[in-house]
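Residue-level structure breakdown
The chain contents come next:
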Amino acid sequence: MHVLVLGAGQLARMMALAGAPLNIKLSAFDVGTGNIVHPLTQALLGHGLDNAIEQADVITAEFEHIPHDVLDICEKSGKFLPSTEAIKAGGDRRLEKALLDRAQVANARYYVINSREDFAAAIDHVGLPMVLKSTLGGYDGKGQWRLKADSDVEAIWLEMAACIAETPNQAIVAEEFVPFDREVSLVGARGKSGEIEVYPLAENVHTNGVLSLSTAIVDTELQQQAKAMFTAVAEELNYVGVLALEFFDVQGKLLVNEIAPRVHNSGHWTQQGAETCQFENHLRAVCGMPLGGTALIRPTSMVNILGEDALPQSVLSQHACHIHWYGKDKRPGRKMGHINVCADNLEALSQELVKLADQLDETAFPAVRENALKLS
Ligand code: AMP
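An unreviewed UniProt entry lists the chain under the name N5-carboxyaminoimidazole ribonucleotide synthase, with Vibrio albus given as the organism. The chain has a UniProt comment under Sequence similarities (unreviewed entry) that states "Belongs to the PurK/PurT family."

Here's what the structure looks like:
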């Protein structure tokens, strides 16, 4: 099997690593350069996108911000999974919100803003405080505003109007501010014949809008709610592949915040903590193979490595730690890799995380220690 992945970042890289034992070969389309590259070495491959599409058995994506003309060519080939509709919904908050409504899954009240009049209507409809998000191109908390008081309306409108003017088809989605207790996500896979396997929920900690820590959690009631919402969204899209749903947990009731039509950072823990990792299950799904098991095999957390390209040797000596570098050039705040930390029980996991935090710089690894202490 040969799979072409749209996007050539760490998710394509980890798919390639997971596909090798199943004899699934990957090439990747670098959206920035338009080149077809090897997902591990980034070496140039082949003769452009049309040729790569022809050679592939299956085409999939690791990234939702893909030019629509590229998506359309891939769709026409009949080889693209999950679907261009799913990828477009993941890259446009307007489409995402409409999808959640169609699937009848709970999400924050919202209003789409294209003009100053819409902004006034949004304030009436949604109320204050509200969170305002650019509909296109926003991720990891970028392109967002918080409106707490009427006195801030004009200043925020000026910034939003500039954002709308900057990008064709841009708009702003106003959302009610959700007083959540925590953020959790569900990663799961749907196969070609409609079978669904979901992983245990992960509890996620964001620092400055970027995921810093994810821990697999066992909570039967919450898991059932999340799985029902996952199933509704996946079936609405007739989805094939791995899909992630991010939720706000408000006193035990889940609201979907966003969807990611792809393998997800909050599912990286599955590489060491689940029977089959999310990357392998995505490939199994899109290649029409049976899905692998998703059960938790041991308590696991994932710590993102942000803006660092080296770790102390002592982390390699800590047997609970499994390091995954992405081979990227160092930039402040950039996701450079992650560390999966495993243990036999939650108390031991907490101790291993504290031990890890003791060896690391707090700015590159925020939130590890304080959240580790909450686990035991
Ligand atoms: P997003 O890009 O939608 O994931 O938003 C980035 C972060 O902003 C989320 O992880 C939340 O911590 C926070 N956030 C987003 N939407 C809301 C909301 N409606 N209410 C409260 N916090 C929010």
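Back to the write-up after that little detour.
Turning our attention to unusual backbone geometry. In this chain, Leu 81 is followed by Pro 82 through a cis amide linkage whose omega measures 15°. Among the structural elements, Pro 82 can be located in the loop between helix H3 (68-76) and helix H4 (84-91). Along the chain, Leu 128 connects to Pro 129 via a cis peptide bond; the corresponding omega equals -5°. Within the secondary structure, Pro 129 is located in the loop between helix H6 (116-126) and strand S6 (130-134). The backbone of Asn 169 shows a phi angle near 70°, a positive value even though the residue is not glycine. For Gln 251, which is not glycine, the phi torsion reads 45° and is therefore positive. Within the secondary structure layout, Gln 251 lies in the loop between strand S13 (241-250) and strand S14 (253-260).

Residues in contact with the ligand amount to 16 residues; listed here are only the nearest, Lys 133, Gln 144, Glu 175, Val 178 and Glu 183. A distance of 3.2 Å separates an oxygen atom of the ligand from a polar side-chain atom of Arg 146. Measuring from a nitrogen atom of the ligand, one finds a backbone N or O atom of Val 178 at 2.8 Å. Going through the elements one at a time, S6, strand S7 (144-147), strand S8 (172-176) and S14 are the ones with two or more residues in the shell around the ligand. In terms of residue class, the shell around the ligand is built from 5 nonpolar, 4 polar and 7 charged. Residues from two domains meet in the shell around the ligand; each of domain 2 (109-176) and domain 3 (182-375) gives at least three.

The next thing to look at is the pattern of salt bridges. Under the defined criterion, the tally for this structure stands at 15 salt bridges. Arg 284 is the salt-bridge partner of Glu 280, the closest N and O atoms lying 2.8 Å from each other. One end of the pair is Glu 280 and the other is Arg 284, both in helix H10 (residues 278-286) and 4 residues apart, which spans about a single turn. For Glu 280, a relative accessible area of 19% gives the class buried. Beyond isolated ion pairs, a larger network of salt bridges with shared partners links Arg 182, Glu 203, Asp 219 and Asp 249.

Here we take up the environment of His 338. Position of His 338 among the secondary structure elements: in strand S17 (residues 335-342). Here His 338 falls in the buried class, since its relative accessible area comes to 0%. Sequence separation of His 338 and Gly 267 is 71 residues, and the distance between their C-alpha atoms is 11 Å. Residues in contact with His 338, not counting those within four places in the same chain, are Met 14, His 268, Gln 271, Met 302, Val 303, Asn 304, Ile 305, His 322, Ile 323, His 324 and Tyr 326.

Parameters at a glance
- Residues numbered from 1 in each chain as written.
- Predicted model: local features only at pLDDT ≥ 70, side-chain atom pairs only at ≥ 80, totals over all residues.
- Heavy atoms only, no water.
- UniProt positions renumbered as here; feature names shortened; annotations may be inferred.
- Helix = DSSP H or I, 4+ residues; strand = E, 2+ residues; numbered from the N terminus.
- Near = heavy atom within 4 Å.
- Polar contact = N/O pair within 3.5 Å; in protein donor to acceptor, adjacent residues only side chain to side chain.
- Nonpolar A, V, L, I, M, F, W, Y, C, P; charged D, E, K, R; others polar.
- Domains from an automatic or database assignment.
- Salt bridge = Lys/Arg side-chain N within 4 Å of Asp/Glu carboxyl O.
- Buried < 20%, exposed > 50% of the residue type's maximum accessible area, 1.4 Å probe, protein only.
- Contact = heavy atoms within 4.5 Å.

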